[in-house]
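# Report on the structure
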Amino acid sequence: MKPKLKGVIAAIPTPITVAGAPDAAAFVKAAQYLLANGCDGLNVLGTTGEATSFSTAQRMALMSAVKAAGLPMDRLMVGTGAAAVGDATTLTRHAAELGFAGALVLPPFYYKGVSDAGVFAYIERIVQATEQMPVPIYLYHFPALSGVRYDAPLVASLLKAFPDRMAGLKDSSGDMDYARGIAALSSTFAVFPSTEACLAEARSGIFAGCISATANLDAADCAKAFHHADDVALARAVVVRKAFDGKPLIPGIKAMLAERLNLPALARVMPPLVEATSELIDSLAPARGTQAAAE
């Protein structure tokens, strides 16, 4: 297994119908736009995609719609983590059957204080369930939300046990020392921090790129920064990221992308999130202005 995912990957939001289901048609339009405007790949149904707010059946239906639309599966990873290992194995098997380039797997996130052995057993179940269709597995480290960590000893154990399946890790902890430590475990283990600010460092090969929510808005600049060492573009991308500091990230991203693409379904969110207010949108004006200047 040679993971192909690299570079600027947007954590694409999920458009939602009035009835509260993923809007597949609007999703495909947004995905096509992002892939044509700077994104090397997309993270489908991640945190920004509100994956855990949808049922397993809804997630599988959107995954199938992505395949049916003819989107480039070799440029897409999909979130398949779930609190129940049975749901996670079902979702990961479906990702494998459809040909996604990777499955991004949260640790089991309801029980807190669980042992590394327990998390190892969870991943082992998923690996075993997909032995016949060995989709690359990317670990999703987001302890602020999941409450469960993929610490270095656990990642090292997984790499040793399943060297042909552990493709990489997305780090949303914000701890760059952690990300560097995980990247040092293996030269073939692709680590993606969740901020554009890492892209200068990523050019050296330490990281495989970034998987970012704000890349939905600044992908063109991110691509210039990563592929062409354009530090002016990187500075603009960092401004966009900082505009969201302390603000509701997902509703804000969704509102701004909905405005740009004229896709109202993108602005809708699933409970318990609430849609962006006009005050939030106004406060994000620096991000809009920076991107407009770049274009």
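The coordinates are above.
Anyway, here's the lowdown on the structure attached to this text.

The rules behind each value
- Residues numbered from 1 in each chain as written.
- Predicted model: local features only at pLDDT ≥ 70, side-chain atom pairs only at ≥ 80, totals over all residues.
- Heavy atoms only, no water.
- Axes fitted to C-alpha atoms, helices over the stretch in contact; angles between N-to-C directions.
- Helix = DSSP H or I, 4+ residues; strand = E, 2+ residues; numbered from the N terminus.
- Left-handed = near helix turned anticlockwise from the far one by under 90°.
- Contact = heavy atoms within 4.5 Å.
- Nonpolar A, V, L, I, M, F, W, Y, C, P; charged D, E, K, R; others polar.
- Disulfide = S-S within 2.5 Å.
- Pairing = 2+ DSSP bridges.
- Expected span 1.5 Å × (residues − 1).
- Buried < 20%, exposed > 50% of the residue type's maximum accessible area, 1.4 Å probe, protein only.
- Polar contact = N/O pair within 3.5 Å; in protein donor to acceptor, adjacent residues only side chain to side chain.
- Right-handed = clockwise from strand over helix to strand, strands pointing away.

Turning to the packing of helix α9 (residues 215-228) against helix α10 (residues 231-243), a few remarks are in order. Remark: α9 packs on α10, axes separated minimally by 8 Å, with the N-to-C direction vectors making an angle of 145°. Between α9 and α10 the crossing geometry is left-handed. Residues L217, D218, D221, C222, K224 and A225 of α9 pack against A233, L234, R236, A237 and V240 of α10. Its residues placed into classes, the contact of α9 with α10 shows 7 nonpolar, no polar and 4 charged.

Applying the stated criterion across every chain yields a total of 0 disulfides. Counting only cysteine sulfurs, C210 is the nearest neighbor of C198, a cysteine outside any disulfide, at a range of 5.2 Å.

Another aspect to go through is the sheet that holds strand β8 (residues 209-212). Taken together, 8 strands build an open sheet; the order of strands is β7-β6-β5-β4-β3-β2-β1-β8 and the sheet is parallel. A single partner strand is all that each edge strand has here, and the edge strands are β7 (190-193) and β8. Here the average twist between neighbouring strands, direction ignored, is 20°. Together, β5 (137-141), β6 (166-171) and β7 form the strand contacts of helix α7 (residues 176-183), whose direction differs from that of β7 by roughly 170°.

Moving on: helix α1 (residues 24-36). End to end, α1 covers 18 Å across 13 residues, agreeing with the expected 18 Å (1.5 Å per residue, within 8%). Regarding α1, the residues found buried are A26, F27, V28, A30, A31, L34 and L35. The inward-facing, buried residues of α1 contact β1 (7-11), β2 (41-44), α2 (56-68), α9, α11 (249-261) and α12 (264-267). A distance of 3.3 Å separates the backbone nitrogen of A25 from a side-chain oxygen at the start of α1, and that oxygen is part of D23. The positive-phi residue at the C-terminal boundary of α1 is G38, with phi of around 115°.

Glancing now at the pairing of β2. Of the two faces of β2, the one holding G41 and N43 and the one holding L42 and V44 are both buried throughout. Across 3 bridges, β1 lies against β2 in parallel orientation. The residue bridging A11 from the neighbouring strand is N43, located in β2. Crossover handedness for the path β1 to α1 to β2: right-handed. Where β2 meets strand β3 (residues 76-79), 3 bridges bridge the pair, whose relative direction is parallel. In the sheet register, N43 faces β3, and the bridge partner there is M77. Handedness of the β2-α2-β3 crossover: right-handed.

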